[in-house]
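Report on the structure
Spelled out from the first residue to the last, the chains are:
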Amino acid sequence: MKIKNSWLLAVVLFIGMGVQAQKFEGLADTPPMGWNSWNKFACDVNEEMIRGIADAMVESGMKDAGYEYVVIDDCWHGGRDSLGFIYADSAKFPNGMKALADYVHSKGLKLGIYSDAGTKTCAGYPGSRGYEYQDALQYAEWGIDYLKYDWCNTENVNPIGAYSTMRDALYKAGRPIFFSMCEWGDNQPWEWAGDVGHMWRTTGDIYLCWDCKHDHGGYYSWGVTRILDMQDGLRKYAGPGHWNDPDMLEVGNGMPVNEDRAHFSMWAMLAAPLISGNDLRDMTPETIEILTNDEVIAVDQDSLGVQGFKYGSEDSLETWFKPLDNGEWAVCFFNRGQEDVRLRFDWKKENVVDEIFGYEARFEEITYAMRNLWTKKSEGKTEKAFKGTVPSHDVIMLRLIPVE
Ligand code: GLA
């Protein structure tokens, strides 16, 4: 009897501990969509701009396309009061965070904020180290819905410990807050963060270029193709509730339209978070068209939640596949090179197998209808080889739908 009771106690304690140590479930069944201030505005954030972005997210059609979070990155902070509570910079945010959250919520959107696991943020503002539970309480009180949690100034801090502490603090504060881990892949978060965060950065920061490496003096930022290459081997770790994050979008920030289109398409193939990083108040029709392409977004947001994979490459042309729900597939022909590439893809000769998640295209037995996701036109069926020209730094992206 005694033994039985102590077993029971152990079970209860174990379950009790389990209840405390968890993230909010159901916030990331598909990759999150939204906007973040950093790529375009860096430290130049303020309340008026954020309100304008929320307005523009609605007016541009982005909200209808699925974008939801408006995230203020670094530099919103004022300081800590005598009791240690964090407050916003009153010159940048004269009405405070609660009023801003109310405004964003009134638009049917959600508000995100930024902090850091170290003593200071990357830009030198107060970090959350030692204040995790207090900060989480404050965010919950303001009505925050999303936290991006960075990794600067974390000397001697254990990453699993630090991110788990903030996860627990958010959970304890009681308001469902999406937890975006920004640890740059330094400590292989994909191996341990599945039950810690809803997504984790896999690389250093993105840089506004197609294929370059920008030296900040000691660390680097990376162009689109560089970031893409760094995703190799990580797809098995992603799925509903826990996503690889190859960093925020640079669409609309100055690359040519074809590069923006390819960047957006490949992020969708990766089931990446679609966090826009441009000025939504001032977009060209082309930028809006890319960011709100519902059929490309549907590939990213597919309920199966399987990250795509590189099936093959020949010279500058890569062929990527992504299994979708209902036996469908997304295919992306991605031209990294300077020259246009003529393409002939004979489906029946290809053996497309996703060995990790167990999907197979079986082109010999199944005929698929092809839908071009950028021209929005039918491309016939997979009985015949697909022919096309993929322009330099661009894509042809298709959805394959079984017809037999
Ligand atoms: C780091 C992050 C960026 C951004 C800046 C803010 O570099 O990786 O995404 O949040 O800090 O200072």
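Note that the structure is predicted; figures quoted are calculated from it, not measured.

1. Details of the environment of Tyr220
Mapped onto the elements, Tyr220 comes out in strand S10 (residues 220-222). Distance in space between the C-alpha atoms of Tyr220 and Leu137 is 34 Å, their sequence separation being 83 residues. With near-sequence residues (within four places) excluded, Tyr220 lies in contact with Asp205, Lys213, His214 and Asp215.

2. Focus: the sheet that holds strand S5 (residues 110-116)
The strand order across the open sheet formed by eight strands is S11-S8-S7-S6-S5-S2-S1-S12, and the pairing between neighbours is parallel. Bordering the open sheet on either side are strand S11 (243-245) and strand S12 (274-276), each of which pairs with just one other strand. In this sheet, neighbouring strand axes are inclined to one another by 25° on average, regardless of whether the strands run parallel or antiparallel. Of the strand pairs in this sheet, strand S1 (residues 33-36) and S12 are connected by three bridges, and their pairing is parallel. Within the sheet, the bridge partner assigned to Gly34 lies in S12 and is Ile275. Helix H7 (residues 159-173) rests against strand S6 (146-150) and strand S7 (178-181) of the sheet, and its axis sits at about 160° to S6.

3. With respect to the state of the cysteines
Two cysteines form a disulfide when their sulfur atoms are joined by a covalent bond. Enumeration according to the criterion identifies three disulfides in this entry. Put simply, Cys43 and Cys75 are joined by a disulfide, and their sulfur atoms are 1.8 Å apart. Placement of the pair is Cys43 in the loop between helix H2 (38-41) and helix H3 (47-59) and Cys75 in the loop between strand S2 (69-71) and strand S3 (77-80), with a sequence separation of 32 residues. Taking relative accessible area as the criterion, Cys75 reaches 0% and is therefore assigned buried. Sequence-ordered numbering of the bonded cysteines in the protein chain yields a pairing of 1-2, 3-4, 5-6. There is no disulfide at Cys182, and the cysteine sulfur nearest it, in Cys122, is 6.8 Å away.

4. Some points on the packing of helix H6 (residues 132-142) against H7
The angle between the axes and the distance between the axes are what describe a pair of packed helices. It is the contact of H6 with H7, at a shortest axis distance of 8 Å, that shows an interaxial angle of 45°. Considering their axes alone, H6 and H7 lie oblique with respect to each other. Crossing angle aside, the handedness with which H6 passes H7 is right-handed. Across the interface between the two elements, Glu132, Tyr133, Asp135, Ala136, Leu137, Tyr139 and Ala140 of H6 pack against Thr165, Met166, Asp168, Ala169, Leu170, Lys172 and Ala173 of H7.

5. Describing the pattern of salt bridges
A complete count under the given rule lists 22 salt bridges for this structure. For Arg371, the salt bridge is made with Glu295, and the minimal N-O distance between the two is 2.7 Å. Taken as a pair, Arg371 in strand S19 (residues 368-372) and Glu295 in helix H12 (residues 294-300) lie far apart in primary sequence, 76 residues in all. Accessibility expressed as a relative area gives 27% for Arg371, which makes it partly exposed.

6. A few points about the layout of surface pockets
To find leftover empty space, one rolls a probe the size of a water molecule over the atoms. In this structure, the largest pocket occupies an estimated 520 Å³ of space. The wall of the largest pocket is formed by 25 residues, among which Trp38, Asp205, His216, Tyr219 and Ser221 lie closest to the centre. Mapped by element, the contributors of at least two residues to the lining of the largest pocket are H2, S6 and S10. Looking at the lining of the largest pocket residue by residue, the classes come out as 13 nonpolar, four polar and eight charged. Computed from the structure, the second largest pocket encloses a volume of approximately 270 Å³. Taken together, 14 residues form the lining of the second largest pocket, with Asp232, Gly233, Phe309, Lys310 and Trp320 sitting closest to its centre. Among the residues making up the lining of the second largest pocket, the classes are represented as five nonpolar, four polar and five charged.

7. As for the side chain of Gln134
Within the element layout of this structure, Gln134 appears in helix H6. Among the polar contacts listed, one links the side chain of Gln134 to the backbone oxygen of Leu83, at a separation of 2.8 Å.

8. Section: unusual backbone geometry
Of note, Gln188 is a non-glycine position whose phi angle comes to about 45°, a positive value. Residue position: Gln188 is located in the loop between S7 and helix H8 (189-192).

9. Notes on helix H5 (residues 96-106)
Since the α-helix packs 3.6 residues into each turn, any two residues three or four apart lie on the same face. Those residues of H5 not exposed but buried are Gly96, Met97, Leu100, Ala101 and Val104. Looking at the buried side of H5, the elements it contacts are H3, S2, strand S4 (86-88), S5 and H6. At the exit of H5 stands Gly108, carrying a positive phi of roughly 80°.

10. Some thoughts on the environment of Glu259
With respect to the helices, strands and loops of the structure, Glu259 is situated in helix H10 (residues 257-269). Relative accessible area serves as the criterion here: at 11%, Glu259 is assigned to the buried category. As a C-alpha pair, Glu259 and Val224 span 35 residues in sequence and 8.9 Å in three-dimensional space. In this structure, Glu259 is in contact with Trp210 and His393, ignoring residues within four places of it in sequence.

11. Things to note about the site of the ligand
All residues adjacent to the ligand are Trp38, Asp73, Asp74, Tyr114, Cys122, Ala123, Lys148, Asp150, Cys182, Trp184, Arg201 and Asp205. Take Asp74: an N or O atom from its side chain is 2.7 Å from an oxygen atom of the ligand. In the model, an oxygen atom of the ligand is placed 3.0 Å from a nitrogen or oxygen of the Trp184 side chain. When the free accessible area of the ligand is taken as 310 Å², the share hidden by the protein chains comes to 94%. Split by residue class, the shell around the ligand holds six nonpolar, no polar and six charged.

12. Here's the deal with the pairing of strand S13 (residues 309-314)
The pairing of S13 with strand S14 (residues 317-323) spans five bridges and is classified as antiparallel. Bridge pairing in S14 links Glu314 to Leu317. As consecutive antiparallel partners, S13 and S14 are separated by two residues, and within that stretch Asp315 has a phi angle of approximately 55°, a positive value.

Quick notes on the rules
- Residues numbered from 1 in each chain as written.
- Predicted model: local features only at pLDDT ≥ 70, side-chain atom pairs only at ≥ 80, totals over all residues.
- Heavy atoms only, no water.
- Helix = DSSP H or I, 4+ residues; strand = E, 2+ residues; numbered from the N terminus.
- Contact = heavy atoms within 4.5 Å.
- Pairing = 2+ DSSP bridges.
- Axes fitted to C-alpha atoms, helices over the stretch in contact; angles between N-to-C directions.
- Disulfide = S-S within 2.5 Å.
- Buried < 20%, exposed > 50% of the residue type's maximum accessible area, 1.4 Å probe, protein only.
- Parallel < 35°, antiparallel > 145°, perpendicular 65-115°, else oblique.
- Left-handed = near helix turned anticlockwise from the far one by under 90°.
- Salt bridge = Lys/Arg side-chain N within 4 Å of Asp/Glu carboxyl O.
- 1 Å grid on protein atoms, 1.4 Å probe; cavity = no way out; pocket = protein on both sides within 12 Å on 5 of 7 lines; lining within 4 Å.
- Points joined across faces, edges and corners; volume = space filled by probe spheres on them.
- Nonpolar A, V, L, I, M, F, W, Y, C, P; charged D, E, K, R; others polar.
- Polar contact = N/O pair within 3.5 Å; in protein donor to acceptor, adjacent residues only side chain to side chain.
- Near = heavy atom within 4 Å.
- Areas by Shrake-Rupley, 256 points an atom, 1.4 Å probe, with all protein chains shown as cover.

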